[in-house]
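Per-entry structural report
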Amino acid sequence: MSKKETAIQPNIETREEFYTNYPSFKYWNVNKSSDLFSPEPINIYIHIPFCVQICNFCYYKTEKIKSQYDIENYVESLCKEIALVASKREYSKTPVDSIYIGGGTPTLLKPKQFTRIVDVLKKYHDISSAEFTLESAAGTFNKEKVECYVKNGVTRMSMGVQSFDDEILRMSNRKHVQKLVFNSLELLRGYEGLVVNIDILSGLVGDTHESFSHTVREAINSNVDAITFYKFKTYANTAFYQKSLRNDDIELPSAEQEIEFMESALDILQSSDYSMWTTFAFTKNNYKHTYIEKTWRGKDCVSYGVSAFGKIGNVSYQNTNNLLHYKASIEEGTLPLYRQYKLSLKDEIVKELLLCVARLNSYKKAEFVEKFGFDYFEFLPKEIDFLYTNGFIKEGTDELRLTNKGILFADYIGKVLVDGFKAKIGDDQYQLIY
Ligand SMILES: C[S@@+](CC[C@H](N)C(=O)[O-])C[C@H]1O[C@@H](n2cnc3c(N)ncnc32)[C@H](O)[C@@H]1O
Ligand code: SF4
């Protein structure tokens, strides 16, 4: 036995401790809140797995569209899945905070197909006050489509731009050129109140310091509400990965170059009207994207569609990746589930440290304390000190405030905190997967 451990003192003379409840009532607050019986709001994700082309960098579950029948059949299955889930669990009185229709390229849906999905959603969910995002690619929608989206409640359009350099777009096998981006943005500007986000990829094949800075400047000039910077990762299921295995002639910026790209992007952004909302999304007027806010904070997300990810209670789950299995499952009246992961309290803590503490611009320590009952500043003093002395975080104790270096290396910050947490709870048998 180590010196620190105290021996258990047997006290078997009395039977005073007789637990039938926890925690002891002396810790309970008098509160007559009626929230007790209001259902917790949920979020909804819907996946549309079709595109006009498969981009060389893309790792998402999507297929090159062969005919309109593909989409028509898929919409049919999707609507049946929504009804099927409703037959398992009643959601009609549960408010929906946010909806995200992602892909693929959901703007390939015809107005009739889109309206049909929303009608079925409305039948089984209370979406009356939901933030409603639709993902799109530049050049895949026209006025008629946007009218239909807005009429059906879409409040946020997220458009893939990736780069403002036509040669880089061509090398990535994108169908659009810069001019189409400007046309699409012009179209969206006509709708007051419609929030517009554009996605940019850093470290794409062919990118240079000049081309990336040009992209960042053009993104800022486009005056959209939000700009999201994804870091290009060569996943094994991408064409670029396959090309690199075959030693094809592709020139990826090095890891150091990608860091330099983002360093100057931060400089440019910080002298603009945009401010950091997450470590890779910059917004105007402190705009916050509800879907990300809620799902990162662990709120429930019911998902529909092939390969869609969701979370209900402490179970994260994913639907099958296979379109044929997906359809067959729905026809048989069974949920198209593929895999699940039951999150322990430790997993929830790890998730909060990685996604919220290390990534959100403002995540007050008090929120963490209320959720998990302990203060990570006090729990991990060595790690906090390390992050501060190495210039990743600023001084302060009410939340983790990131320096520019911290913004660039947010995942590293998360890892330092999680490793510290893991060491502190002191047992490798509690495997934490991250
Ligand atoms: C699922 S796509 C949907 C957007 C739309 N289909 C488009 O491409 O214009 C969402 C975003 O994921 C990002 N993305 C795709 N492949 C990626 C990769 N290998 N690494 C990091 N981000 C990636 C892209 O920036 C893309 O805009
Ligand atoms: S990036 Fe968008 S358009 Fe390109 S393949 Fe992926 S989902 Fe489709």
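The shown structure was predicted, so the numbers you read here are calculated from the model rather than taken from an experiment.

**Quick word on the site of ligand 2**
- Taken together, the residues surrounding ligand 2 are Cys51, Gln53, Ile54, Cys55, Phe57, Cys58, Thr62, Gly104, Thr105 and Arg174.
- In terms of residue class, the shell around ligand 2 is made up of five nonpolar, four polar and one charged.

**Remarks on the nonpolar core**
- Core analysis: the biggest nonpolar cluster contains 97 residues, and Phe114 and Ile227 have the highest contact counts within it.
- Both of domain 1 (42-295) and domain 2 (362-425) provide at least three residues apiece to this core.
- Cys55, Ile168, Leu201 and Ile250 belong to the second-largest nonpolar core, a separate cluster that totals 10 residues.

**Focus: helix H8 (residues 255-270)**
- Between its terminal C-alpha atoms H8 stretches 23 Å, which fits the 22 Å expected from 16 residues at 1.5 Å a residue.
- For H8, the complete set of buried residues consists of Glu258, Phe261, Met262, Ser264, Ala265, Leu266, Ile268 and Leu269.
- Next to the buried residues of H8 lie strand S7 (195-202), helix H6 (209-221), strand S8 (226-231), strand S10 (281-283) and helix H15 (404-408).

**Some words on the environment of threonine 133**
- Along the polypeptide, threonine 133 turns up in strand S5 (residues 131-137).
- Linking threonine 133 and glycine 313, residues 180 residues apart in sequence, is a C-alpha distance of 23 Å.
- Beyond its immediate chain neighbours, meaning those up to four positions away, threonine 133 contacts Ile99, Tyr100, Ile101, Arg156, Ser158 and His289.
- Side-chain polar atoms of threonine 133 contact the side chain of histidine 289, separated by 3.5 Å.

**Focus on the layout of surface pockets**
- Estimates place the volume of the second largest pocket at around 260 Å³.
- Lining the second largest pocket are 15 residues, and of these Val85, Ile312, Tyr317, Leu335 and Leu337 lie nearest its centre.
- Only helix H1 (68-88), strand S11 (301-304), strand S13 (315-319) and strand S14 (337-342) provide two or more residues apiece to the lining of the second largest pocket.
- Classifying every residue of the lining of the second largest pocket by side-chain character gives nine nonpolar, three polar and three charged.

**A short note on the packing of helix H2 (residues 111-124) against helix H3 (residues 143-151)**
- Contact geometry for H2 and H3: axes closest at 10 Å, N-to-C directions at 10°. Judged by the angle between their axes, H2 and H3 are roughly parallel. Of the residues in H3, those touching H2 at Pro111, Phe114 and Thr115 are Glu144, Lys145, Cys148 and Tyr149.
- Partitioning the contact of H2 with H3 into residue classes produces four nonpolar, one polar and two charged.

The rules behind each value
Residues numbered from 1 in each chain as written. Chains lettered and ligands numbered in written order. Predicted model: local features only at pLDDT ≥ 70, side-chain atom pairs only at ≥ 80, totals over all residues. Heavy atoms only, no water. Near = heavy atom within 4 Å. Nonpolar A, V, L, I, M, F, W, Y, C, P; charged D, E, K, R; others polar. Core = buried A, V, L, I, M, F, W, Y, C linked by side-chain atoms within 4.5 Å. Buried < 20%, exposed > 50% of the residue type's maximum accessible area, 1.4 Å probe, protein only. Domains from an automatic or database assignment. Helix = DSSP H or I, 4+ residues; strand = E, 2+ residues; numbered from the N terminus. Expected span 1.5 Å × (residues − 1). Contact = heavy atoms within 4.5 Å. Polar contact = N/O pair within 3.5 Å; in protein donor to acceptor, adjacent residues only side chain to side chain. 1 Å grid on protein atoms, 1.4 Å probe; cavity = no way out; pocket = protein on both sides within 12 Å on 5 of 7 lines; lining within 4 Å. Points joined across faces, edges and corners; volume = space filled by probe spheres on them. Axes fitted to C-alpha atoms, helices over the stretch in contact; angles between N-to-C directions. Parallel < 35°, antiparallel > 145°, perpendicular 65-115°, else oblique.

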